[in-house]
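# Close look at the chain arrangement
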Amino acid sequence: MAERRNIEKISEADFVQCNDLASDAVGGKIIFATDEWFAPAANLLKREQPQFIASAFTEFGKWMDGWETRRKRTPGHDWCIVQLGVPGLVFGFDVDTSFFTGNYAPHVSIQAACLETPLDFCLEGDRTGMAASDSEWAAVEKLNSHAWLELVPVSPLQPGYSDSCHNYFRVHSARVTHLRINMFPDGGIARLRVYGVGERDWLSEAAQQEVDLVALTNGGVCLGFSDAHFGHPRNMIGLGVASSMADGWETARRLDRPHKLQLDQEGVLQVSGSEWAVFRFGHKGVISHIEIDTRHFKGNAPDSCILEACLLTPEEEAQFLPTRRLRPHYSHVFLEAELRPHDAVSHIRLVIAPDGGVSRLRVWGATANYRRPTAWNH
């Protein structure tokens, strides 16, 4: 029998500021699904928000932007296995039933495991209208997933109307690499968001080796921000280069902008307001250089930025990078000689003025002795 953990279902969740460790944008994938008749399980991990097209049908029935199984007429229930794109600590789930109103799964449970040995099977291609094959069943049975740790016990889901589609579950886990999503007995789920923080084996890192301290894959996480009207700041610590403006941080236009803009003696816009985002590093470190990339933000890049850094406590926070002008659609690299003298830091705050968008933030440096928090404190 799988071990159970206490879980809390809530209407609003602070853990949604964490990173989605299962998104296909960070390499998450489905490696097994019992049935995918109406819609494939891979849709669960799509970064984009679910959509509904009333006129869309396939040869198997109504097209749905999620995972939907056939109406079950045999013993058992449907389930799938998710391989996280970024292994780490999980603090909460959003089981999103958007647009599944008369066909949503009535109950769900979630189990977890940490499998350090890579698995050599996954599902590929469009699997609409398919069910697990005998060979897929044989392969997945070796995982004994029915005995994995139960993070979310069997819990009711709400229908996919706009005011009820987000089903939040707060949990606390050790390191997780794979999840088993059980729907009881069948039906549909639009998206699965797995909110947490990546965890890296820092003990295996060579001394003085430079790493991106704030990267999602290295355990970086956004703790707070002033505005995220068009895009969340956590996008800045994502993988690779941004694919579009939607893959970066973008604020609304500030309403307190002067009627006529003026420059100071250093060519920086004189504005009264600014926007900010705070990040915690995956590991404390001594910063050597920083990259601020405004790629894709051609008519809406910030005019300037400031970077502030601190070690753990707000009282120790100090301005780290003097005001610097930013250019549209450009990768700005600030080398160690431009940074003010500093010791190891664990948090950083990016301040942009007056508003606008940034696609990526990279903070390169060498790690220092540090124990990162294992609970979500926000």
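Residues numbered from 1 in each chain as written. Predicted model: local features only at pLDDT ≥ 70, side-chain atom pairs only at ≥ 80, totals over all residues. Heavy atoms only, no water.

### Details of the side chain of Thr177
Here Thr177 lies in strand E13 (residues 175-184). Here Thr177 falls in the buried class, since its relative accessible area comes to 6%. If sequence neighbours within four positions are ignored, Thr177 has contacts with Val82, Gln83, Leu84, Pro87, Ala113, Cys114 and Leu115. (Helix = DSSP H or I, 4+ residues; strand = E, 2+ residues; numbered from the N terminus. Buried < 20%, exposed > 50% of the residue type's maximum accessible area, 1.4 Å probe, protein only. Contact = heavy atoms within 4.5 Å.)

### Comments concerning the nonpolar core
Membership of the largest hydrophobic core comes to 61 residues, with the highest contact counts inside it found for Val82, Phe93, Leu179 and Ile292. Counting residues per element, this core draws most heavily on strand E8 (residues 78-96), which supplies seven residues. Among residues more than four places away in sequence, those in contact with Leu179 are Cys80, Ile81, Val82, Leu84, Phe93, Ile110, Gln111, Ala112, Trp148, Leu151 and Val194. (Core = buried A, V, L, I, M, F, W, Y, C linked by side-chain atoms within 4.5 Å.)

### Some details on the packing of aromatic side chains
Evaluation of the coordinates by the stated rule reveals seven aromatic pairs. Relative to Phe60, the ring of Trp37 lies with its centre 5.0 Å away and its plane at 75°, an arrangement referred to as edge-to-face. Of this pair, Trp37 sits in the loop between strand E4 (35-36) and strand E5 (57-58) while Phe60 sits in the loop between E5 and strand E6 (61-62), and the two are 23 residues apart along the sequence. Given a relative accessible area of 26%, Trp37 falls into the partly exposed group. Taken together, a centroid distance of 5.8 Å and an interplanar angle of 25° make the contact between Phe52 and Phe99 stacked. In this pair, Phe52 sits in the loop between E4 and E5 while Phe99 sits in the loop between E8 and strand E9 (107-113), placing the two residues 47 residues apart along the sequence. Three or more aromatic residues joined by ring pairs form one cluster here, namely Phe15, Tyr168 and Tyr195. Sitting over the ring of Phe57, Lys62 keeps its end group 5.4 Å from the ring centre. Sitting above the plane of the Tyr330 ring, Arg327 keeps its charged end 3.9 Å from the centroid. (Phe/Tyr/Trp six-rings, centres within 6.5 Å; stacked < 30°, edge-to-face > 60°. Lys NZ or Arg CZ within 6 Å of the ring centre and 35° of its normal.)

### Comments concerning the pairing of strand E3 (residues 29-33)
With four of its five residues buried, E3 lies for the most part within the structure. As defined by bridge partners, E3 adjoins E8 across four bridges and the pair is classed as antiparallel. Note on E8: the bridge partner recorded for Lys29 is Gln83. (Pairing = 2+ DSSP bridges.)

### A few points about the side chain of Asp355
Relative to the helices and strands, Asp355 is located in the loop between strand E23 (345-353) and strand E24 (357-358). An unpaired buried charge is present at Asp355: no salt bridge exists, and Arg257, the closest side chain of opposite charge, is 4.2 Å distant. A distance of 2.7 Å separates a polar side-chain atom of Asp355 from the backbone nitrogen of Arg254. With sequence-adjacent residues up to four places away left out, Asp355 is seen in contact with Thr251, Ala252, Arg253, Arg254, Arg257, Glu275, Ala301 and Pro302. (Lys, Arg positive; Asp, Glu negative; His and termini not counted. Salt bridge = Lys/Arg side-chain N within 4 Å of Asp/Glu carboxyl O. Polar contact = N/O pair within 3.5 Å; in protein donor to acceptor, adjacent residues only side chain to side chain.)

### Digging into the pattern of salt bridges
Across all of its chains, the model carries 18 salt bridges by this definition. Among the salt bridges present, the one from Arg295 reaches Asp293, with a minimum N-O distance of 3.3 Å. The closest approach of N and O atoms between Arg349 and Glu308, which form a salt bridge, is 2.6 Å. Here the residue Arg349 occupies a position in strand E23, and Glu308 occupies one in strand E20 (residues 304-310), the gap between them amounting to 41 residues. Within the structure, one salt-bridge network assembled from shared partners comprises Glu36, Arg127 and Glu136.

### Quick look at the UniProt feature "domain: Allantoicase" (unreviewed entry) in the protein
Per the UniProt annotation, the sites labelled "domain: Allantoicase" (unreviewed entry) are residues 27-197 and 219-367. Within residues 27-197, the helical portion is 5% and the strand portion 43%, while the C-alpha atoms at the span's ends are 15 Å from each other. (UniProt positions renumbered as here; feature names shortened; annotations may be inferred.)

### Quick word on the pairing of E23
Here E23 lies mainly inside the structure; eight of its nine residues are buried. Here seven bridges tie strand E19 (residues 275-293) to E23, and the two strands are oriented antiparallel to one another. Looking across to E23, one finds that Phe279 is bridged to Ile348. Here E20 runs beside E23; their pairing, made up of seven bridges, is antiparallel. Bridge pairing in E23 links Glu308 to Arg349.

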